[in-house]
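Results of the structural survey
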Amino acid sequence: MAATFSTSFSREQLSAATAGVQLNIEVQEQTDLQKIIGWLSRLKLLYGVPFNYLVPDVRMLPEESIRFFQVDQNWVEALIDGAFSIGTTSATEEFTQAMLPQIKEAVQNNLPAVRAALLGLDAETLAPGPISGFFLRSAAVSGWPGLEVEGFSNAYFNGVGYTYDTPLTLLRLERISPSLLFGLFAGTLKAVRLRQPAETLHFAFDPYNNEEYGFMIKRARYVNSGGGVTAGQLRTSGIQVIIPDQQSSRRALNIDALASSLQQYVWAPGTPAEDQVFTSAQFGMTMVQITDQASFIIDNA
Amino acid sequence: MPENNNTISFVQHHLPAILSGDYSVSATQTITLRGNQEAVYTAEQYFYVAGKRYSLDEADVNSVFPPQGSAGQFYSLLPHIVLNSSSLPWQRSTGASFTTTNENVLPWMALLMFDESEGINQAQPVTIDDLCINNNIFFPEHTSEPGESDSQQVNVIDVPLNLFLAIAPSCNDLQWLGHVRVTDIACKPEADDKIVSDTYSVLVANRVPQQGKITTMHLVSLEGYGPYLPDYDGNIVTPFPAGITSVRLVSLYSWSFRTEEGQGSLAGLLTAADMNPAALQLPFTIDSNSSQQANANVLQALGLGYTALNHQLRNGDRTVSWYRGPLLPLGIPQFLQPPYTNADSLMRYDPGTGMFDASYSGAWQLGKLMALRDSGYAQTLVRWKATQTRAAVNAIEEQVINAQLGVSETELRAAVSAKQVRMNSTLRNFIQPAVSKLQKRSNS
């Protein structure tokens, strides 16, 4: 009998064989594949893309402005395709093409993990869909670097104010220059709400009236919950704060006396006396003013 | 305005395990043998806890309020500084003996406010050696720490004694002027390549700004100043030496702002932000020298997010091409069908305007360049493609060999090793038939 062994095979065979290969994308260690998926995820969120590719003309983004956009997935596909093209030879081409859909799916699934890793938070899971976002170019960005941002897919007027629906997952929020904030959301952005960073809430008084600076009013804020009030709630009436010699020179407050006055007003009704320990933390909480937030709603018209 | 619904926690202080400065550890061992003391061994080890002392870096400061150079109605608030380190204000001591039942601890820094009329503006640089050089200017006792040199520059302000006694916080005030905030970071911008911190320390001033004036803030070191801080009436426990006319304070950080009409508040700035148009696109101006049709074409192109850019063609010709980035004023469906083998295959021609659209071609080229520039990624991708292709080729070879040897699928699945299975099937399919043929031959 004659046994013949043939080790030659056609390109079609290779193509057919690779089409059935399931990539092991769940591997936790930093394999080459994980590195590639991580790199392409950042690319898909436009990390490293030069600014003039994103905004080809600076007149699109005047000073003190906010602008909204939707990410063109064709452009991103072309970008990723270009980045995935290196190392493609005639020998690896079929394999590369066969694997690309799986790689792209893994990249899409990995998108929320990019920001989550930078914040040290757990990544959310995300359904595939459009990506949209905004630019804010303003002194608000340089003055409040921790500016807090929320995006919504719906906003409507409820007769009194606006109601915001369905918060969107933030995929990227970065100050790309000291006064320029760049945000990307999963989904189609309809409204963004910008909020003063909690670490920058300031201590303030209410002016008694605009003419007279001799004294001001401070409304205490409850520092604990109970008896029908919640921590952080403002009292309806305030205490008078004497601002010494406002017109002349000193204007240094007797902070210790202020703290002593305020601590009588900050406890929720029924708080036991032994729990009423007033420290610099309670003083801080009752002194801060919470005011500044602004919303931008995209008009559908 | 509605109150925020995210959480913030106020914490009294974050105290370091030990304060910055010099330390020594000593150990003594006494050897006693049969009741007789034979020897005493001692050892001493010095160490030093490094910490900020004479200056802060920009990276230490998260933000200040009111912001540097801003203008607004700030007369009813107390300015503050937010520091990125939560324990920095408590890493040194003022030297005051201060205790309270609520366990407040004095920060070693204070935020002092000066009007333009008070003459304390820019801090002056002096060397550490020159900190206490003048008999009329007070500077508290200080010992040098490792890593300091006498010629190191320190920024100082010299505050007239009367002014200092009028505006410096008392120890009783100071206990309330620092605290820690723990915030919710889910909505915050990312930091470059490091985990975003959620814990900050805040130091608050004890004066309100004056209407219509420029105010300069100095975050000063109170190290050693504890005994010299006045009470609210300007009296001090420890008198300054005779002849002192001003006190010298190390300025760790400073900024200024103006209290007058202006959009200094965050809400003011945000409300004033331009949103016309809301979409990211180039503003359109009618070109009176062009036809109505040409203007309409441009308007439409700008509305689709396009910009006309100069474009040098491969044959050296220059033309103007449309380009748009990935960020469009409107959503468009996905229609590209990658893969493409080169950038030129993505160049599109618009017969309406006779111009090329270089957008996707540019994106493809950029992706390739970014990949090539990052050698780590490029090498990984090339290696991965080659390895995976080789593995696929090997798998096919195995299949071919197995088919030729007549190895069955069932056997392969149950097998310990492919070698074993092949050996078995070789024995079964080739050796055994051969042997039986030989036997038959010898029998006949």
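In this text, all values refer to a predicted model and were calculated from it rather than measured experimentally.

The rules behind these values
Residues numbered from 1 in each chain as written. Chains lettered and ligands numbered in written order. Predicted model: local features only at pLDDT ≥ 70, side-chain atom pairs only at ≥ 80, totals over all residues. Heavy atoms only, no water. Helix = DSSP H or I, 4+ residues; strand = E, 2+ residues; numbered from the N terminus. Buried < 20%, exposed > 50% of the residue type's maximum accessible area, 1.4 Å probe, protein only. Contact = heavy atoms within 4.5 Å. Areas by Shrake-Rupley, 256 points an atom, 1.4 Å probe, with all protein chains shown as cover. Expected span 1.5 Å × (residues − 1). Pairing = 2+ DSSP bridges. Axes fitted to C-alpha atoms, helices over the stretch in contact; angles between N-to-C directions. Domains from an automatic or database assignment. Phe/Tyr/Trp six-rings, centres within 6.5 Å; stacked < 30°, edge-to-face > 60°. Salt bridge = Lys/Arg side-chain N within 4 Å of Asp/Glu carboxyl O. Core = buried A, V, L, I, M, F, W, Y, C linked by side-chain atoms within 4.5 Å. Buried area = accessible area lost by both parts, 1.4 Å probe. Polar contact = N/O pair within 3.5 Å; in protein donor to acceptor, adjacent residues only side chain to side chain. Nonpolar A, V, L, I, M, F, W, Y, C, P; charged D, E, K, R; others polar.

From N to C terminus, chain A includes 8 helices and 12 strands. Counting every position in chain A, which comprises 301 residues, the buried fraction comes to 54%. Put simply, of all contacts in chain A between residues at least 6 apart along the chain, 69% involve residues at least 24 apart. Put simply, chain A shows about 12,800 Å² of open surface, and 50% of that area lies on carbon and sulfur atoms.

Before going further, it helps to spend a moment on helix α2 (residues 32-44) of chain A. Between the first and last C-alpha of α2 of chain A there are 18 Å, a value that for 13 residues agrees with the 18 Å anticipated at 1.5 Å per step. Among the 13 residues that make up α2 of chain A, 10 are buried, leaving the element largely enclosed by the rest of the structure. Among the residues of α2 of chain A, D32, L33, Q34, I36, I37, W39, L40, S41, L43 and K44 of chain A are the ones counted as buried. On its buried face, α2 of chain A sits against α4 (73-84) and α5 (93-119) of chain A together with α5 (359-373) and α6 (375-405) of chain B. Once α2 of chain A finishes, L46 of chain A follows within two positions and takes phi at roughly 65 degrees, a positive value.

Glancing now at the sheet that holds strand β1 (residues 65-71) of chain A. In space, the 5 strands of this open sheet follow the order β5(A)-β6(A)-β2(A)-β1(A)-β18(B), with antiparallel pairing throughout. Of all the strands in the sheet, the pair left with one neighbour each is β5 (169-177) of chain A together with β18 (327-328) of chain B. By the bridge criterion, 7 bridges tie β5 of chain A to strand β6 (residues 180-186) of chain A in an arrangement that is antiparallel. The partner of S177 of chain A across the bridge, within β6 of chain A, is L180 of chain A. Across the sheet, α5 of chain A touches β2 (131-137) and β5 of chain A, and the angle it forms with β5 of chain A is around 50 degrees.

Segmenting chain B into domains produces domain 1 (58-269), domain 2 (292-373) and domain 3 (376-443). Each of domain 1 of chain B and domain 3 of chain B has a C-alpha centre, and the two are 78 Å apart.

Going through the model one piece at a time under the given rule, you end up with 27 aromatic pairs over all chains. A centroid spacing of 5.8 Å and a plane angle of 25 degrees characterise the contact between F69 of chain A and F182 of chain A, whose relative ring orientation is stacked. A residue pair is termed long-range when its members are at least 10 positions apart, and F69 of chain A in strand β1 and F182 of chain A in strand β6 qualify at 113 residues. Between F283 of chain A and W176 of chain B the ring centres are 5.6 Å apart and the planes differ by 55 degrees, which places this aromatic pair in the tilted class. Of this pair, F283 of chain A sits in helix α8 (residues 280-287) while W176 of chain B sits in the loop between α2 (171-174) and β12 (178-183), placing the two residues on different chains. Across this residue pair, the class does not change: F283 of chain A and W176 of chain B are buried.

Attention now goes to the pattern of salt bridges. If you walk through the whole model with that rule in mind, you get 22 salt bridges over all chains. In this structure, D32 of chain A and R383 of chain B form a salt bridge, with 2.8 Å as the shortest nitrogen-oxygen distance. Pair noted here: D32 of chain A is in helix α2 and R383 of chain B is in helix α6, and the two residues belong to different chains. With a relative accessible area of 40%, R383 of chain B lands in the partly exposed category. Measuring nitrogen to oxygen at the nearest pair gives 3.3 Å for the salt bridge that ties E148 of chain A to R195 of chain A. Highlighted residues: E148 of chain A in strand β3 (residues 148-157) and R195 of chain A in strand β7 (residues 191-195), separated in sequence by 47 residues. Grouping residues by exposure puts E148 of chain A and R195 of chain A together as buried. A cluster of three or more residues bridged by salt bridges with shared partners is formed by E148, E150, R193, R195 and E199 of chain A together with K188 of chain B.

Okay, the nonpolar core next. L40, L46, W75, F84 and F135 of chain A together with L327 and Y377 of chain B are the most contacted members of the largest nonpolar core, which has 60 residues in total. Within the residue set of this core, elements represented by two or more residues are α2, β1, α4, α5, β2 and β6 of chain A together with α5 and α6 of chain B. For this core, the leading source of residues is α5 of chain A, giving 9 residues. Two domains share this core, each providing at least three of its residues, namely domain 2 (292-373) and domain 3 (376-443) of chain B. Discounting chain neighbours no more than four positions away, the residues touching L46 of chain A are L54, W75, V76, L79, R172 and F182 of chain A together with P326 and L327 of chain B. Core analysis: the next-biggest nonpolar cluster, separate from the first, contains 59 residues, M216 and M285 of chain A together with L161 and F164 of chain B among them.

Take the pairing of strand β8 (residues 109-115) of chain B next. Residues and elements named next belong to chain B. Most of β8 sits inside the fold, with 7 of its 7 residues counted as buried. Residues M109, L111, M113 and D115 of β8 are buried on one face, and the alternating residues A110, L112 and F114, pointing to the opposite face, are buried as well. With 7 bridges connecting them, β8 and strand β14 (residues 214-221) associate as antiparallel partners. Bridge pairing in β14 links F114 to T216.

So, about unusual backbone geometry. Put simply, F65 of chain B and P66 of chain B share a cis peptide bond, and its omega is -5 degrees. Tracing the sequence through the fold places P66 of chain B in the loop between β4 (61-65) and β5 (71-72). Backbone torsion omega between N276 of chain B and P277 of chain B reads 5 degrees, so that peptide bond is classified as cis. Take P277 of chain B: it is sitting in the loop between α3 (266-272) and α4 (292-303). One non-glycine residue with positive phi stands out, namely T166 of chain A, at about 50 degrees. Along the polypeptide, T166 of chain A turns up in strand β4 (residues 162-167).

With that settled, the discussion passes to the interface of chain A and chain B. Each partner contributes to the interface: chain A provides 141 residues, whereas chain B provides 130 residues. Around 11,800 Å² of area is buried between chain A and chain B when both sides are counted, 64% of it from carbon and sulfur atoms. One can count 5 salt bridges joining chain A with chain B. Among the salt bridges present, the one from R67 of chain A reaches D274 of chain B, with a minimum N-O distance of 2.7 Å. In this assembly, chain A and chain B are joined by 45 residue pairs in polar contact (both at pLDDT 80 or more). Tallying contributions element by element places α5 of chain A first for the side of chain A that touches chain B, with 11 residues. Grouping the amino acids of the side of chain A that touches chain B by side-chain chemistry returns 83 nonpolar, 36 polar and 22 charged. Bridging between strand β8 (residues 203-204) of chain A and strand β6 (residues 77-78) of chain B involves 2 bridges; their strand directions are antiparallel.

The subject of this paragraph is the sheet that holds β12 of chain B. Strand order in the open sheet formed by 5 strands is β1-β12-β13-β7-β4 (chain B), and the pairing between neighbours is antiparallel. Lying at the two open borders of the sheet, with one neighbouring strand each, are β1 (8-11) and β4 of chain B. This sheet shows a mean twist of 25 degrees between the axes of neighbouring strands, independent of strand direction. Here 4 bridges tie strand β7 (residues 80-83) of chain B to strand β13 (residues 199-204) of chain B, and the two strands are oriented antiparallel to one another. In the strand pairing of β13 of chain B, H80 of chain B is matched with V204 of chain B. Contacts from α8 of chain A reach β1 and β12 of chain B within the one sheet, and its direction differs from that of β1 of chain B by about 140 degrees.

Okay, the environment of L282 of chain B next. Within the secondary structure, L282 of chain B is located in the loop between α3 and α4. A residue is classified by how much of its surface remains accessible, and L282 of chain B, at 9% relative accessible area, is buried. Sequence-wise, L282 of chain B and Q439 of chain B are 157 residues apart; in three dimensions their C-alpha atoms are separated by 92 Å. With sequence-adjacent residues up to four places away left out, L282 of chain B is seen in contact with D57, R59 and M60 of chain A together with L302 and T307 of chain B.

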